[in-house]
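Read off the chains here:
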Amino acid sequence: MRVLCSSTLIGEFFVIGFAGLVAMKDDTLAMSTVWWVCGIAMVLSVLLCGMITRPGGVQLGWALQAALIASGFVVPIMFFLGAVFAVLWWASVHYGRRIDTVKAEWAARQESAGPDAA
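This write-up is about the structure you can find in this document. (Residues numbered from 1 in each chain as written. Predicted model: local features only at pLDDT ≥ 70, side-chain atom pairs only at ≥ 80, totals over all residues. Heavy atoms only, no water.)

1. Side note on the packing of aromatic side chains
Each aromatic ring pair is summarised here by two numbers: the centre-to-centre distance and the angle between the ring planes. Tallied over the entire structure, the rule returns three aromatic pairs. Note on F73 and F79: the rings are 5.0 Å apart at their centroids and 85° apart in plane angle, and the pair reads as edge-to-face. (Phe/Tyr/Trp six-rings, centres within 6.5 Å; stacked < 30°, edge-to-face > 60°.)

Next comes the structure, spelled out in structure tokens:
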């Protein structure tokens with residue numbers, strides 16, 4: 001699960017940065033505000049890569065997905081991109097857990113079969 005979720009979060013890191021560049025073009029927004037918000041979201045996406053397997057990591061990821069979708073009120077294309085990344089996040093969590101389960105079952109079978117099974 002860690003690899004799939006981290007890949008999604010790193011992709012979001014870049015999308016958030018590019019959304020910040022687009023948001024800078026809006027004359028009603030202060031550039032410092034745009035970069036503080038984007039910077040915090042970008043740092044959070046990188047930090048979440050290391051927190052995925054810890055308690056609350058996946059829930060923080062969902063909060064980031066909600067924030068990404070909500071950023072569509074500032075940069076309208078983010079409604080679409082946020083939804084795409086929310087689906088990718090769901091798939092990363094769902095299939096990542098399934099892969100982890102299969103790996104654990106395989107490792108248990110290998111261990112119970114003994115050293116000669118390899």
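2. Things to note about the packing of helix α3 (residues 57-70) against helix α4 (residues 77-113)
Two elements in contact, α3 and α4, have axes whose closest approach is 7 Å; the angle formed by their N-to-C orientations is 165°. Between α3 and α4, the angle falls in the class roughly antiparallel. Where α3 crosses over α4, the handedness of that crossing is left-handed. In contact with V58, G61, W62, Q65, L68 and I69 of α3, α4 contributes M78, F79, G82, A83, F85, A86, W89, W90, V93 and R97. Class assignment for the residues of the contact of α3 with α4 results in 12 nonpolar, three polar and one charged. (Axes fitted to C-alpha atoms, helices over the stretch in contact; angles between N-to-C directions. Helix = DSSP H or I, 4+ residues; strand = E, 2+ residues; numbered from the N terminus. Parallel < 35°, antiparallel > 145°, perpendicular 65-115°, else oblique. Left-handed = near helix turned anticlockwise from the far one by under 90°. Contact = heavy atoms within 4.5 Å. Nonpolar A, V, L, I, M, F, W, Y, C, P; charged D, E, K, R; others polar.)

3. Observations concerning the packing of helix α1 (residues 2-24) against helix α2 (residues 31-51)
The interhelical angle for the contact between α1 and α2, taken along N-to-C directions, is 175°, at an axis separation of 8 Å. When the interaxial angle is binned, α1 and α2 end up roughly antiparallel. Across the interface between the two elements, R2, S6, L9, I10, F13, I16, G17, G20, L21, A23 and M24 from α1 touch M31, V34, W35, C38, A41, M42, S45, V46, L48, C49 and G50 from α2. Of the residues assigned to the contact of α1 with α2, the class counts are 16 nonpolar, five polar and one charged.

4. Describing the nonpolar core
The biggest cluster of nonpolar side chains holds 12 residues, and these are V15, I16, A19, A23, V34, C38, A41, M42, L68, V75, M78 and F85. Within the residue set of this core, elements represented by two or more residues are α1, α2 and α4. Excluding its chain neighbours within four sequence positions, the residues that come into contact with M78 are V15, A19, L68, I69, S71, G72 and A83. Counting 10 residues, the second largest nonpolar core, distinct from the first, contains C5, C49, V58 and L64. (Core = buried A, V, L, I, M, F, W, Y, C linked by side-chain atoms within 4.5 Å. Buried < 20%, exposed > 50% of the residue type's maximum accessible area, 1.4 Å probe, protein only.)

Take it as geometry only, folks, not as evidence of what the structure does.
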